Number of protein chains: 8
Amino acid sequence: MYIIIVGLGGIGRNLTAISANHGNSVVVIDQDETKCNDILEHYDVLAIAGDSTDSSVLDDAGIERAQSLVATTSDDAVNLMTCWLAKRFKVPNVVSIVNQKEHSALFKEVGVKISENPDELVATRLYYWAENPNMQQLASIPGGTIFEVVAEDDAPIINHEIRELEVKNFVFIAIRRAGGELIIPSGDVKIRPGDVITVFTKKEAEKECIAILNRQLKSPKA
Amino acid sequence: MYIIIVGLGGIGRNLTAISANHGNSVVVIDQDETKCNDILEHYDVLAIAGDSTDSSVLDDAGIERAQSLVATTSDDAVNLMTCWLAKRFKVPNVVSIVNQKEHSALFKEVGVKISENPDELVATRLYYWAENPNMQQLASIPGGTIFEVVAEDDAPIINHEIRELEVKNFVFIAIRRAGGELIIPSGDVKIRPGDVITVFTKKEAEKECIAILNRQLKSPKA
Amino acid sequence: MYIIIVGLGGIGRNLTAISANHGNSVVVIDQDETKCNDILEHYDVLAIAGDSTDSSVLDDAGIERAQSLVATTSDDAVNLMTCWLAKRFKVPNVVSIVNQKEHSALFKEVGVKISENPDELVATRLYYWAENPNMQQLASIPGGTIFEVVAEDDAPIINHEIRELEVKNFVFIAIRRAGGELIIPSGDVKIRPGDVITVFTKKEAEKECIAILNRQLKSPKA
Amino acid sequence: MYIIIVGLGGIGRNLTAISANHGNSVVVIDQDETKCNDILEHYDVLAIAGDSTDSSVLDDAGIERAQSLVATTSDDAVNLMTCWLAKRFKVPNVVSIVNQKEHSALFKEVGVKISENPDELVATRLYYWAENPNMQQLASIPGGTIFEVVAEDDAPIINHEIRELEVKNFVFIAIRRAGGELIIPSGDVKIRPGDVITVFTKKEAEKECIAILNRQLKSPKA
Amino acid sequence: MYIIIVGLGGIGRNLTAISANHGNSVVVIDQDETKCNDILEHYDVLAIAGDSTDSSVLDDAGIERAQSLVATTSDDAVNLMTCWLAKRFKVPNVVSIVNQKEHSALFKEVGVKISENPDELVATRLYYWAENPNMQQLASIPGGTIFEVVAEDDAPIINHEIRELEVKNFVFIAIRRAGGELIIPSGDVKIRPGDVITVFTKKEAEKECIAILNRQLKSPKA
Amino acid sequence: MYIIIVGLGGIGRNLTAISANHGNSVVVIDQDETKCNDILEHYDVLAIAGDSTDSSVLDDAGIERAQSLVATTSDDAVNLMTCWLAKRFKVPNVVSIVNQKEHSALFKEVGVKISENPDELVATRLYYWAENPNMQQLASIPGGTIFEVVAEDDAPIINHEIRELEVKNFVFIAIRRAGGELIIPSGDVKIRPGDVITVFTKKEAEKECIAILNRQLKSPKA
Amino acid sequence: MYIIIVGLGGIGRNLTAISANHGNSVVVIDQDETKCNDILEHYDVLAIAGDSTDSSVLDDAGIERAQSLVATTSDDAVNLMTCWLAKRFKVPNVVSIVNQKEHSALFKEVGVKISENPDELVATRLYYWAENPNMQQLASIPGGTIFEVVAEDDAPIINHEIRELEVKNFVFIAIRRAGGELIIPSGDVKIRPGDVITVFTKKEAEKECIAILNRQLKSPKA
Amino acid sequence: MYIIIVGLGGIGRNLTAISANHGNSVVVIDQDETKCNDILEHYDVLAIAGDSTDSSVLDDAGIERAQSLVATTSDDAVNLMTCWLAKRFKVPNVVSIVNQKEHSALFKEVGVKISENPDELVATRLYYWAENPNMQQLASIPGGTIFEVVAEDDAPIINHEIRELEVKNFVFIAIRRAGGELIIPSGDVKIRPGDVITVFTKKEAEKECIAILNRQLKSPKA
């Protein structure tokens with residue numbers, strides 16, 4: 001894949017690493033020459049110090065033959081204009097982060113795939129964990145959440161087969177057991193203390209789910 | 001919940017918003033007085049401009065009665081020392097982001113829950129999307145990945161009931177249908193074009209899964 | 001008129017002065033608080049220090065009831081996103097400067113009136129003057145240019161009536177005579193030395209026109 | 001032409017581009033070495049990093065054989081002293097922008113051709129457009145203004161020959177028709193909807209002119 | 001000895017000088033490239049510009065075969081994390097300065113030898129001297145202090161043998177006599193005016209000690 | 001004591017703390033107003049933002065009635081001039097740190113008590129410790145050094161009375177025993193494992209001393 | 001006298017002090033607000049933070065009633081334009097320093113009294129002194145120099161009356177004798193060792209003059 | 001002459017120019033490497049970027065064989081310490097500017113020739129000129145001043161021989177006449193209008209002197 005990555009902040013640098021390590025042809029664009037030089041020392045990529053909203057810079061980056069462009073700067077205006085130019089250059093796959101939710105509509109109108117506020121994504125995850133140390137939020141989709149829960153010794157589920165549970169509003173996705181075994185749960189799997197259970201639950205069933213798997217519904221201290 | 005948030009970068013600011021909006025007692029600590037003043041204008045929190053590794057600052061933040069402390073700075077050394085001090089102050093739930101993977105062991109030894117490199121998390125997600133515009137990675141766990149896939153018109157799965165598929169290595173988690181309906185898949189659900197399918201698949205079955213659901217296994221251009 | 005002006009560079013400051021002096025309701029937006037405070041000391045306007053691509057800032061600026069928004073920053077990406085948001089807020093009249101010619105198409109697609117590269121406008125004018133000290137370019141339109149020429153003592157036109165000239169490719173627009181009189185030229189006006197003639201000429205007739213009016217077609221020194 | 005350009009701000013850079021593209025011998029002077037290096041990468045000119053009020057710098061720039069010097073810095077004091085030195089070096093054609101109107105007299109006394117406040121020029125143009133989206137101011141001269149107006153479908157002028165109009169105080173300069181045709185108007189030209197009319201009007205006839213050509217004399221909203 | 005020195009502030013630079021002059025293999029690490037280059041000009045050491053909490057930097061510094069690592073930065077969090085990583089790399093001898101007393105416990109728990117607040121050490125010494133110009137504090141240990149005192153002409157001790165004094169709470173350590181002779185005091189040494197006496201005294205005997213040796217117990221001026 | 005402290009770096013701040021805590025009248029002088037304000041928040045002192053080589057500043061600081069002035073800046077030229085002015089103002093006790101050894105003579109000529117390079121003092125201490133983790137250098141005087149040594153289980157001295165040792169070139173100063181007891185050593189004290197022994201030794205006897213007390217004379221690894 | 005002083009560098013500050021101390025009405029102008037505030041704390045003057053080439057600033061400074069304006073900035077372009085504006089405001093007495101000799105002609109043309117390069121003035125004085133420690137240059141005029149010379153014990157002039165000397169090319173101006181007596185020399189004054197003689201000499205007689213008064217014409221070392 | 005110049009401010013640069021142009025061996029020292037490089041481009045000198053109070057820097061500058069050292073920095077503490085070190089290195093001729101009058105005594109005690117506050121010197125000159133445009137102060141000595149006065153047409157002195165005047169308290173030094181002639185005044189010289197008279201006058205006779213030579217004793221405007 002020929003991929004252009006715009007912006008060398010934390011996300012852009014990681015994306016460069018991943019893309020290069022997968023053997024792709026990678027071009028990065030950033031205004032800051034220092035960051036460009038730095039990335040060149042670490043990865044076998046092409047780096048261009050310049051303004052990605054400048055057509056001649058995109059040209060130098062080989063926009064004509066790019067299969068993907070991913071905009072990762074913290075400035076939505078730059079992301080938007082860059083993506084739009086990329087669409088006009090007929091790049092098949094244009095992706096962007098969107099730092100402010102209110103800008104999402106503009107990106108969609110131009111036909112850009114977006115990943116909304118990455119910082120909020122991480123913050124949500126940390127927040128769940130701060131609330132309940134034995135439960136880690138992995139992702140959310142509209143209407144529900146995917147968690148990891150550690151089965152506590154005295155949780156109701158312990159030593160029961162999954163099929164025994166009335167699970168209308170949640171789905172067992174996977175179980176990781178001490179030793180690293182990964183089990184795709186079928187009805188006759190019996191849960192043991194310490195199992196790390198990946199589970200999907202609808203919003204309305206979240207508390208019930210935790211009660212069954214982990215018993216952590218004590219009232220907060222203060 | 002009484003929660004102390006250390007660092008007011010993008011993640012810290014979002015975490016402050018989420019925590020305040022959930023009605024918690026929130027204290028934030030950042031070295032930069034400007035950032036502290038800024039957060040005070042937007043949320044009903046306490047903000048302390050100071051060094052979180054300074055015990056007197058933690059004291060001012062009410063560390064004695066905090067139920068959670070979350071360290072979100074981009075400096076692992078600060079996160080580590082702050083978390084360690086928090087543990088010694090008997091904060092029940094101490095969480096930190098870890099910017100460099102190699103530091104994870106130190107945090108675990110001190111008893112801190114960690115969320116590794118948030119930028120890498122986002123970058124991975126963008127990368128999957130750059131590779132395949134109809135498939136969005138939501139999360140990964142050791143051994144497998146959770147995706148969202150849009151069912152294409154001509155995908156093999158269309159108009160089949162889930163039970164017809166031989167799905168040994170993946171799990172249907174949820175289906176979102178035009179109009180916003182969220183379906184927890186049972187065997188007799190029939191897939192329609194445009195359905196957004198949330199699915200878990202083991203690493204080794206990833207390609208097969210996409211082939212069945214989405215038919216996007218064309219060879220790349222270059 | 002209720003007008004929002006984005007950007008307080010040289011152009012924005014002048015536009016604020018003109019707009020305020022014409023008795024309009026003026027709101028200015030600039031990232032730089034110092035510039036905002038400065039403008040408030042000189043004009044009876046509202047000034048908002050903030051990012052014009054932030055919807056809440058536009059809201060504060062009264063975008064709902066604005067009749068015009070003019071974007072004057074040196075960053076086309078900011079101008080574009082701001083104007084687009086303004087269009088979505090149904091501002092009837094959205095105008096922007098465009099700093100790079102290649103971006104013009106994007107602005108037009110969103111329905112924004114544009115004024116291309118203002119620096120180039122001034123530079124063109126200076127260039128003409130540098131070439132010929134007695135001829136000042138006032139404006140150009142596709143296919144032709146509007147000049148001011150000082151009629152020299154020995155120019156062919158002196159003491160001739162306009163109707164005597166074979167003027168196929170140019171138009172006499174106005175004549176300014178010593179003492180400040182402004183004459184709209186009719187055929188029987190006789191040109192005198194020192195008259196400042198405003199004239200339009202097609203590109204192909206430019207040299208001929210100067211030869212007749214001013215005789216400055218000497219070959220350059222080097 | 002051998003031309004010296006002082007200052008590499010927006011205007012200076014554009015002037016350099018225009019001058020170089022017309023095949024002149026161009027020397028630029030700016031205090032900032034970075035700007036000098038940058039211009040050298042793009043144009044075939046000579047660039048001198050230095051203070052243009054320093055005679056030895058002017059000497060290096062070849063002031064002895066220069067035919068024009070154009071001062072474009074934002075500092076009138078620098079422009080004035082540089083131009084004055086240029087006059088003493090007998091440069092035939094010395095041009096300057098003047099940033100503050102009050103300084104114009106000094107420049108004139110030294111014999112420098114001046115272009116007053118370029119930002120105000122652009123701002124005036126934007127202001128006219130903000131007031132009336134179908135009318136673009138192109139230039140003004142003492143006593144009158146040159147506009148472009150789009151003929152609206154229901155304007156009084158539509159389908160009339162120019163000669164039918166009583167046009168005492170304005171001059172038709174040119175008409176641009178869909179397809180790009182440029183017409184120098186004679187009396188029997190008939191105006192069609194969508195024609196872009198370039199017109200000169202005396203100050204006192206401005207409103208009347210717009211009423212006839214464009215019908216935009218509705219009272220403002222607020 | 002193979003020694004790694006972290007931080008090139010005043011202490012780090014001096015430590016580098018001492019270590020290099022003793023013929024050790026020395027590696028220094030500092031974030032600031034300028035400081036690294038500077039040290040390379042003066043000493044035969046290896047200097048690495050980088051973050052000492054980054055394992056790959058420690059690797060480059062040869063942490064695997066280091067016998068000592070000394071952390072000297074003014075940031076305790078950096079010192080702590082660096083030292084901890086060094087312990088995990090099995091460096092036999094890990095030493096650090098600790099800038100805030102409250103952090104000492106953390107360093108000790110990791111097994112790091114610490115030198116508390118070096119600035120306080122020097123300040124204490126200066127303070128003693130400011131109080132009594134003939135008495136210089138050399139060091140303190142819990143419960144007592146080591147001084148240097150100049151024997152004044154009229155001090156009670158002059159011309160007495162040490163054994164004559166009832167010295168229950170202090171120890172004569174050394175006597176330096178004009179000409180530079182260093183005497184380890186035995187009971188029959190007779191004190192002469194101008195002798196510089198190094199003496200240890202318990203806290204409670206400090207004043208008595210000075211009275212005998214130096215007679216400086218006048219009441220302060222103000 | 002009325003004391004003036006010049007410079008609010010690390011040493012100056014600590015000296016201010018010590019001096020204020022001892023109940024002295026303290027005046028501090030530093031060029032940096034921020035540092036002055038900061039110290040005022042923590043201690044009951046007078047702080048003057050200004051140049052200590054300016055007589056009027058010294059005047060404001062009450063130099064006429066000061067009993068001591070201590071110069072602690074990192075700039076020897078400032079320290080020297082300030083101290084000299086203080087001597088001329090008849091301050092009885094003038095003390096300074098000297099950052100470069102070569103400057104010591106100048107200070108002495110003016111009659112200033114000096115403490116040479118404080119960073120070197122600390123660095124020396126760290127160096128000794130880096131070489132031998134069980135031995136801490138406390139101070140040195142010309143011709144010898146004062147150490148603290150932990151008596152190892154298998155050191156020759158264990159369970160011997162001090163008088164049994166042939167100690168020609170060193171002096172036992174104090175012994176600190178588990179539990180915090182401080183013993184002034186007489187001949188019949190018996191050393192136990194873990195005792196922390198403060199000892200003075202002549203340069204030439206240093207190795208022998210360590211061998212007896214601590215057995216750490218293994219040859220270094222590399 | 002009502003005096004306006006432009007620029008608060010070293011010269012401007014000293015001029016402000018002198019002018020204020022002579023009881024004049026003083027207004028100072030400098031771009032730097034900090035410098036303006038600083039001067040207000042020390043002198044009873046009016047200070048305006050602004051650009052002296054801005055007519056409204058000169059207006060605020062009371063240019064209409066000023067008797068003198070002195071420009072002291074290090075930027076000749078600013079000095080020139082300011083002085084010129086002052087001349088147009090009919091300030092009777094306009095004085096400026098000129099930093100580059102080549103600019104002198106421009107100032108003179110505008111009618112400004114100038115003091116050329118003040119740094120060169122001081123440097124010349126230092127140079128003379130560096131060459132001959134007993135001779136201090138006080139000033140030069142075209143064709144000659146004014147010195148101070150200390151009469152050495154063995155100089156030819158000692159114990160001679162002035163009239164005895166053949167002094168064609170120099171003039172005795174004054175003699176300062178130990179004790180501070182100032183003598184205006186008449187022919188019968190006898191020179192004594194240690195007399196400080198102020199003398200004017202033509203360029204060609206400089207060496208001879210020194211030979212007679214001071215005997216310092218040894219050939220230089222190297 | 002082998003001369004070391006410390007400091008490359010305005011005075012230092014001019015002194016370097018003068019010294020180099022007189023064919024001396026010149027070494028300059030300044031902390032700022034840029035300034036050093038700059039001076040090397042213009043003069044054939046040696047330039048050392050470093051701290052002149054550092055003995056090794058003075059060593060590199062060849063202090064052992066220097067005949068003069070001139071300190072010109074704006075920091076008296078640096079000037080003092082540098083000069084003192086130079087005296088200890090036995091430099092025969094050590095000169096310094098002194099920025100604050102109160103420091104003069106210290107320099108003199110060390111044996112340094114000083115030139116007090118150069119800015120005040122220039123300011124005094126400008127002040128005299130601001131007061132009286134026809135009179136320029138050249139220098140002052142204790143008790144009197146040296147001026148240049150232009151003889152006005154109607155001054156009492158015009159067409160009188162010098163001997164006619166009762167000049168008890170002033171000395172005619174030189175007369176410069178139109179055409180550039182320099183006259184050393186004898187009694188029978190007759191003063192003509194426009195003569196530039198260099199004159200010395202005692203303080204008490206200053207006004208009388210001006211009255212006779214120039215008639216400028218009108219009372220000031222305000």
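Everything quoted here is computed from the prediction, not taken from an experiment. (Residues numbered from 1 in each chain as written. Chains lettered and ligands numbered in written order. Predicted model: local features only at pLDDT ≥ 70, side-chain atom pairs only at ≥ 80, totals over all residues. Heavy atoms only, no water.)

Draft legend 1. Focus on the overall build of chain A. Per the secondary structure count, chain A includes seven helices and eleven strands. Taking 222 residues into account, the globule formula puts the C-alpha radius of gyration at 17 Å, and chain A, at 22 Å, lies well above it. Projected onto the principal axes, the alpha-carbon positions of chain A cover approximately 65 × 35 × 35 Å. Here chain A holds 222 residues, and the buried ones make up 59% of them. Put simply, of all contacts in chain A between residues at least 6 apart along the chain, 52% involve residues at least 24 apart. Put simply, chain A shows about 9,300 Å² of open surface, and 45% of that area lies on carbon and sulfur atoms. The distance from the centre of the 22 positive side-chain charges to the centre of the 32 negative ones in chain A is 8 Å. (Helix = DSSP H or I, 4+ residues; strand = E, 2+ residues; numbered from the N terminus. Rg over C-alpha atoms; globule rule 2.2 N^0.38 Å. Buried < 20%, exposed > 50% of the residue type's maximum accessible area, 1.4 Å probe, protein only. Contact = heavy atoms within 4.5 Å. Areas by Shrake-Rupley, 256 points an atom, 1.4 Å probe, with all protein chains shown as cover. Lys, Arg positive; Asp, Glu negative; His and termini not counted. Charge placed at Lys NZ, Arg CZ, Asp CG, Glu CD.)

Draft legend 2. How the structure looks around the sheet that holds strand 3 (residues 46–49) of chain G. Reading across the sheet, the six strands line up as 3-2-1-4-5-6 (chain G) and stay open at both edges, with parallel pairing between neighbours. Each edge of the open sheet carries a strand with a single partner, namely strand 3 and strand 6 (113–116) of chain G. Strand-to-strand twist across the sheet, computed as the mean angle between neighbouring axes with direction ignored, equals 15°. When strand 4 (residues 68–71) of chain G meets strand 5 (residues 93–98) of chain G, the two strands line up parallel, connected through four bridges. By the bridge assignment for strand 5 of chain G, G:Val70 is matched with G:Val95. Sheet strands in contact with helix 4 (residues 76–88) of chain G are strand 1 (2–6), strand 4 and strand 5 of chain G, and its direction is about 170° off that of strand 5 of chain G. The strands touched by helix 6 (residues 118–131) of chain H within the sheet are strand 1, strand 4, strand 5 and strand 6 of chain G, with strand 5 of chain G carrying the most contacts at an inclination of about 155°. (Pairing = 2+ DSSP bridges. Axes fitted to C-alpha atoms, helices over the stretch in contact; angles between N-to-C directions.)

Draft legend 3. Inspection of the interface of chain G and chain H at higher detail. Contacts between the two partners involve 62 residues from chain G, matched on the other side by 61 residues from chain H. Regarding the contact of chain G and chain H, the summed buried area is about 5,100 Å², with carbon and sulfur atoms giving 73% of it. Of all residues in chain G, G:Leu126, G:Tyr127 and G:Ile184 give up the largest surface area on contact with chain H, accounting jointly for 13% of the area buried on that side. Run the count over chain G and chain H and you get zero salt bridges. Summed over the shared surface of chain G and chain H, the number is eight residue pairs in polar contact (both at pLDDT 80 or more). At 13 residues, helix 6 (residues 118–131) of chain G tops the list of elements feeding residues into the side of chain G that touches chain H. (Buried area = accessible area lost by both parts, 1.4 Å probe. Salt bridge = Lys/Arg side-chain N within 4 Å of Asp/Glu carboxyl O. Polar contact = N/O pair within 3.5 Å; in protein donor to acceptor, adjacent residues only side chain to side chain.)

Draft legend 4. Summary view of the relation of the copies chain F and chain H. In the superposition of chain F on chain H (RMSD 0.1 Å, axial shift 0.0 Å), the rotation amounts to 180°. When the rotation and shift are considered jointly, the pair of chain copies conforms to a two-fold rotation axis. Measuring from the rotation axis to each C-alpha of chain F, the shortest distance belongs to F:Ala77, at 2.5 Å. Same-surface contact between copies: 100% of interface residues of chain F are shared with the interface of chain H. (Least-squares fit on C-alpha atoms with pLDDT ≥ 70 in both.)

Draft legend 5. Focus on the packing of helix 4 (residues 76–88) of chain D against helix 4 of chain G. Two elements in contact, helix 4 of chain D and helix 4 of chain G, have axes whose closest approach is 8 Å; the angle formed by their N-to-C orientations is 90°. Looking at the two axes, helix 4 of chain D sits roughly perpendicular to helix 4 of chain G. Taking contact as the criterion, the partners of D:Asp76, D:Ala77, D:Val78, D:Leu80, D:Met81 and D:Trp84 in helix 4 of chain D are, on helix 4 of chain G, G:Asp76, G:Ala77, G:Val78, G:Leu80, G:Met81 and G:Trp84. (Parallel < 35°, antiparallel > 145°, perpendicular 65-115°, else oblique.)

Draft legend 6. Looking closely at the interface of chain F and chain H. Opposite the 19 residues of chain F that make contact, chain H presents 19 residues. Summed over both partners, the interface of chain F with chain H buries about 1,700 Å², with 68% contributed by carbon and sulfur atoms. Of all residues in chain F, F:Met81, F:Trp84 and F:Leu106 give up the largest surface area on contact with chain H, accounting jointly for 36% of the area buried on that side. Our count for the chain F to chain H interface comes out at four residue pairs in polar contact (both at pLDDT 80 or more). If you list the elements that add at least two residues to the side of chain F that touches chain H, you get helix 4 (76–88) and helix 5 (104–110) of chain F. With eight residues, the single largest contributor to the side of chain F that touches chain H is helix 4 of chain F. Across the side of chain F that touches chain H, the residue classes break down as ten nonpolar, four polar and five charged. (Nonpolar A, V, L, I, M, F, W, Y, C, P; charged D, E, K, R; others polar.)

Draft legend 7. Representation of the UniProt feature "domain: RCK N-terminal" (unreviewed entry) in chain A within the structure. As annotated in UniProt, the feature "domain: RCK N-terminal" (unreviewed entry) corresponds to residues 1–122 of chain A in the numbering used here. Across residues 1–122 of chain A, helical content stands at 43% and strand content at 24%; the span's end C-alpha atoms are separated by 28 Å. (UniProt positions renumbered as here; feature names shortened; annotations may be inferred.)

Draft legend 8. Geometry of the domain arrangement of chain A. As far as domains go, chain A holds domain 1 (2–116) and domain 2 (120–217). Each of domain 1 of chain A and domain 2 of chain A has a C-alpha centre, and these two points are 37 Å apart. (Domains from an automatic or database assignment.)

Draft legend 9. Up close: the sheet that holds strand 5 (residues 93–98) of chain B. In space, the six strands of this open sheet follow the order 3-2-1-4-5-6 (chain B), with parallel pairing throughout. In the strand order of this sheet, the two ends are held by strand 3 (46–49) and strand 6 (113–116) of chain B, each with one partner. Each strand axis lies, on average, 15° off the axis of its neighbour in the sheet, ignoring direction. Set on the sheet, helix 6 (residues 118–131) of chain A makes contact with strand 1 (2–6), strand 4 (68–71), strand 5 and strand 6 of chain B; between it and strand 5 of chain B the angle comes to about 155°.

Draft legend 10. Region of interest: the relation of the copies chain G and chain H. When chain G is fitted onto chain H, the two copies agree to an RMSD of 0.1 Å after a turn of 180° and an axial shift of 0.0 Å. In this assembly the copies share their binding face: 98% of the residues contributing to the interface of chain G also contribute to that of chain H.

Draft legend 11. Looking closely at the pattern of salt bridges. Counted under the stated rule, the structure contains 40 salt bridges over all chains. Between A:Arg176 and A:Glu148 there is a salt bridge whose closest N-O contact spans 2.8 Å. With A:Arg176 in strand 9 (residues 170–177) and A:Glu148 in strand 8 (residues 144–150), the pair connects residues that are 28 residues apart, well separated along the chain. Here B:Glu109 makes a salt bridge to E:Arg88, at a shortest N to O gap of 2.8 Å. Here B:Glu109, found in helix 5 (residues 104–110), pairs with E:Arg88, found in helix 4 (residues 76–88), and the two come from separate chains. For E:Arg88, a relative accessible area of 40% translates into the label partly exposed.

Draft legend 12. View of the arrangement of the chains. Across all C-alpha pairs, the smallest distance from chain B to chain D is 32 Å, and the two are not in contact. Chain A makes no contact with chain H; the smallest distance between any of their C-alpha atoms is 22 Å.

Draft legend 13. Up close: the pairing of strand 6 (residues 113–116) of chain E. Residue and element names in this part refer to chain E. Pairing between strand 5 (residues 93–98) and strand 6: four bridges, direction parallel. By the bridge assignment for strand 6, isoleucine 97 is matched with serine 115. Tracing the backbone out of strand 5, into helix 5 (residues 104–110) and back to the parallel element strand 6 gives a crossover that is right-handed. (Right-handed = clockwise from strand over helix to strand, strands pointing away.)

Draft legend 14. The packing of helix 1 (residues 10–21) of chain G against helix 6 of chain H, seen in detail. Running from amino to carboxyl end, helix 1 of chain G crosses helix 6 of chain H at an angle of 55°, the nearest separation of the two axes being 8 Å. One way to sum up the angle between helix 1 of chain G and helix 6 of chain H is to call them oblique. The handedness of the crossing between helix 1 of chain G and helix 6 of chain H is right-handed. Residue-level inspection shows G:Gly10, G:Ile11, G:Asn14, G:Leu15, G:Ile18 and G:Ser19 of helix 1 of chain G in contact with helix 6 of chain H, the latter providing H:Asp119, H:Glu120, H:Val122, H:Ala123, H:Thr124, H:Leu126 and H:Tyr127. In the contact of helix 1 of chain G with helix 6 of chain H, the residues fall into seven nonpolar, four polar and two charged. (Left-handed = near helix turned anticlockwise from the far one by under 90°.)

Draft legend 15. Layout of the environment of A:Ala20. Residues and elements named next belong to chain A. The topology assignment puts alanine 20 in helix 1 (residues 10–21). Separated by 24 residues in sequence, alanine 20 and aspartate 44 have C-alpha atoms that sit 6.9 Å apart. Here alanine 20 is in contact with Val26, Tyr43 and Val45, once residues within four sequence places are set aside.

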